[in-house]
Amino acid sequence: LESLDVGAIRDEFPILEREFDGQQVVYLDNAATTQTPDPVVDAMSDYYRESNANIHRGIHHLSQEASIMYEEAHDRVAEFINADGREEVIFTKNTTEGENLIAYAWGLNELGPGDEIVLTEMEHHASLVTWQQIGKRTGADVKYIRIDEDQRLDMDHARELITDDTAIVSAVHVSNTLGTVNPVSELTDLAHEHDALSFIDGAQAVPNRPVDVKAIDADFYAFSGHKMAGPTGIGVLYGKQHLLEEMEPYLYGGGMIRKVTYEDSTWGDLPWKFEPGTPQIAEAVGLEAAIDWLEDIGMERIQAHEEEIARYAYERLESEEDVEIYGPEPGPDRGGLVSFNVEGVHAHDLASIMNDHTIAVRAGDHCTQPLHDKLGVPASTRASFYVYNTREEVDKLVAALDDARQLFA
Ligand SMILES: Cc1ncc(COP(=O)(O)O)c(CN[C@@H](CS)C(=O)O)c1O
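Note that this is a predicted model, so its numbers are computed, not measured.

Section: the pairing of strand S7 (residues 166-172)
- Of all 7 residues that make up S7, 7 are buried, and the element is covered over most of its length.
- The pairing of strand S5 (residues 116-120) with S7 spans 3 bridges and is parallel. Pairing of Glu116 across the sheet is with Thr166, part of S7.
- Judged from the 5 bridges that link them, S7 and strand S8 (residues 197-201) form a sheet pairing that is parallel. By the bridge assignment for S8, Val172 is matched with Asp201.

Structural data, given as C-alpha cells:
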C-alpha cells in the first residue's frame, strides 16, 4: 500500500496549525472526535449558501434540490458500508441514538422476562446503559461476554453465553478503551445460530477501516459522522430492511407519516419512517463529503497508517518501565488507539501535563466505567490516532511523560 502524504492531508486541517502558549497543537484524541477537513466544511457552507431549504415538503426548486441532496446522502452511505440501499440507512444524531432507536423501537416491543440480552464487558455506555435499562424495563436479563487476560473477547464464553434464550447480541466492533477489534462476524453467526439478532457498535471501526455490513451480516450497525472526519449531529443506523419494515417507529411527527386522521396514522417508507421532523440536512451533506474524502484516500491506507502510528506509540510506551498499557498486542485485533497508565500518576494529572505541552489526549473512563472497574483502575489516559498524526507527535507524547513523573510520581 502506498503510504499517505500526511503533509498534504494536514494542509486540509487548519486547526492542526493552531498554537497554545506558542506550542503547536498535537491532537491525539480522535476516538473522541476527529477533525474536519476543508472539503467537508466547504460542502456544508456551500449547502447553506446555495441550497438551504426544508426537505420533503416544499415543491419549490430549493426544496427539491435540498431533498435530493439529503436523500442521495443516504445512497452514498449505503454504498460506503455495502448496505442494500437508502432503505437500510437511517440518519440519527449519533451512535448513541442508533443504539437507543433499536432498544426502544425493537427492544421494548420484543423483549420480556426470560429473554436475554448479551453484551460484552468492553461495551461503551451508549450500548451498555441502554440495554441495561431496557432489560430492567422489560424483565429481560443482561449478560456480559468476558474479556480474557489479553483484553480480547473470550469467545469460549461467548459460545457458552449465547443460547436459545438470547434475543439480541450487542457488541462493539473496536473498543474505544482497549483498541480490541472484536470478531463481529463470528458473534453475529453465533447470534443467528440461536435465532437472535446482532447489533454492532461501529463508532470506532467505520472511520478507520473498510466495513461491509453484508459480510458481517449484522442486523443493525451504528456509527457517528464526527468520528470519521464528518460533522457532529449526524450518525447512521444501518438495519436489514425486513427488520426495519416490521418495526414500529418510536419517534413520531412530520416527515415519517403516510396518512394521518384524528383516529390514527400510518407510516411512511423507509428510511423516512424513522426520521421524524426536520433532519440534519447540512450534516448529511457533510457526511457525504467526509465519505468522499475518506474514500479518495482509501480506507485500507487509512487503516494501515493509523495502525502503524498506534503500533509505534504502543512500542514506545511499552519500553517505558512504569507504563501499563491496556488491550492486546499490536496486530490485526488492535485498532488505532492506546490507553495506558503511568505508575504513581493519575490519568487526569497526566492529561493535564500533556495539555501543558499542547498535547490533546483523553483521561477518564472513556464511557466504559464497568470496564475500568474490571481493569482495576479508576481511569486511564488514551492516545487515539487518525490520518493526520505522525511519529513525531508520538515522540512528543512520550517525552512529556518525564514532566509528569517529576511532578507526580
Ligand atoms: C465505541 C463507542 N460507541 C459509542 C460511542 C458514542 O458515540 P456518540 O457519537 O457520542 O454517540 C462512542 C464515542 N466514544 C467517545 C466519547 S465517550 C470516546 O471518547 O471514546 C464510542 O467510542
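Read on for the rest.
Some remarks on the site of the ligand
- Around the ligand lies a shell of 18 residues, among which Thr96, Asp201, His226, Lys227 and Arg362 are the nearest.
- Between the ligand and Arg362, the relevant distance is 2.5 Å, taken from an oxygen atom to a side-chain nitrogen or oxygen of the residue.
- Here the ligand has 510 Å² of accessible area as a free molecule, and 90% of this is covered by the chains.
- Considering only residue class, the shell around the ligand consists of 6 nonpolar, 8 polar and 4 charged.

A look at the environment of Ala140
- You can see Ala140 is positioned in the loop between helix H5 (125-138) and strand S6 (141-145).
- The exposure class assigned to Ala140 is buried, which follows from its relative accessible area of 6%.
- On a C-alpha basis, the gap between Ala140 and Gly235 in space is 27 Å, while along the polypeptide they are 95 residues apart.
- When sequence neighbours within four positions are dropped, the list of residues in contact with Ala140 reads Leu111, Gly112, Pro113, Asp115, Ile117 and Gly135.

Looking at the packing of helix H4 (residues 95-110) against H5
- It is the contact of H4 with H5, at a shortest axis distance of 9 Å, that shows an interaxial angle of 20°. One finds that H4 runs roughly parallel with respect to H5. Along this stretch, H4 crosses H5, giving a crossing that reads as right-handed. Across the interface between the two elements, Thr96, Glu99, Asn100, Ile102, Ala103, Tyr104, Trp106, Gly107 and Leu108 of H4 pack against Ala126, Ser127, Thr130, Trp131, Ile134, Arg137 and Thr138 of H5.

Structural notes on the pattern of salt bridges
- Summed over the entire model, instances satisfying the criterion amount to 28 salt bridges.
- Across the pair Lys214 and Asp84 runs a salt bridge, and its minimum N-O distance is 3.3 Å. Of this pair, Lys214 sits in helix H8 (residues 213-216) while Asp84 sits in the loop between helix H3 (61-81) and strand S4 (89-92), and the two are 130 residues apart along the sequence.
- Its relative accessible area of 27% is what places Lys214 among the partly exposed residues.
- Asp84 gets classed as exposed once you look at its relative accessible area, which sits at 60%.

Focus: the nonpolar core
- Within the largest apolar cluster, 77 residues are counted, with the highest numbers of intra-cluster contacts made by Val77, Phe91, Tyr221, Met228 and Leu294.
- Looking at which element gives the most residues to this core, the answer is helix H10 (residues 281-297), with 11 residues.

Quick notes on the sheet that holds strand S17 (residues 380-384)
- Here we have 4 strands laid out as an open sheet, ordered S13-S14-S17-S16, and antiparallel in their pairing. Each end of this open sheet is capped by a strand with a single partner; those strands are strand S13 (323-326) and strand S16 (362-364). The average angle at which neighbouring strand axes cross in this sheet is 30°, direction not considered.
- Bridge count for strand S14 (residues 337-342) against S17 is 4 bridges, and the pairing is antiparallel. The residue bridging Val338 from the neighbouring strand is Ala383, located in S17.
- Each of S14, S16 and S17 is contacted by helix H12 (residues 347-356), which is oriented at about 160° to S16, the strand it contacts most.
- Along the sheet face, helix H14 (residues 391-408) touches S13, S14 and S17 and points at about 20° away from the line of S14.

About the thresholds
Along each chain, the written sequence defines residue order, and numbers are assigned to residues from 1. Note on the predicted model: pLDDT of at least 70 is required for a residue's local features to be given, and 80 or more for side-chain atom pairs to be given and counted; whole-chain, interface and lining totals, by contrast, use all residues. Hydrogens and waters are ignored; side-chain quantities use all the structure's heavy atoms. Working definition: with a 1.4 Å probe on protein chains only, accessible area under 20% of the residue-type maximum means buried, over 50% means exposed, and in between means partly exposed. Segments assigned H or I by DSSP are reported as helices when at least four residues long, segments assigned E as strands when at least two residues long, and all are numbered from the N terminus. What makes two strands pair is DSSP finding at least two bridges between them. We call a residue near a molecule or strand whenever a single non-hydrogen atom of that residue lies within 4 Å of it. The term polar contact refers here to a pair of N or O atoms within 3.5 Å; inside protein, the definition further demands a hydrogen-donor-capable atom paired with an acceptor-capable atom, and it admits residues adjacent in sequence only when both atoms are side-chain atoms. Only the protein chains shown count as cover for residues, and all accessible areas are computed by the Shrake-Rupley method using a 1.4 Å probe. By the convention adopted, Pro, Cys, Tyr, Trp, Phe, Met, Ile, Leu, Val and Ala count as nonpolar, Lys, Arg, Asp and Glu as charged, and the other residues, Gly among them, as polar. Any pair of residues with heavy atoms lying within 4.5 Å of one another is described as a contacting pair. Whenever a helix is involved, its axis is fitted only over the stretch in contact; in every case the axis is a line through C-alpha atoms, and angles between N-to-C directions fall within 0 to 180 degrees. The scheme is simple: roughly parallel for angles under 35 degrees, roughly antiparallel for over 145, roughly perpendicular for 65 to 115, oblique for anything else. Left-handed describes a crossing whose near helix is turned anticlockwise from the far helix by less than a right angle; the clockwise case is right-handed. Salt bridges are identified by distance alone: a Lys or Arg side-chain nitrogen within 4 Å of an Asp or Glu carboxyl oxygen. Residues enter a nonpolar core if they are buried and are Ala, Val, Leu, Ile, Met, Phe, Trp, Tyr or Cys, with the set joined through side-chain atoms within 4.5 Å.

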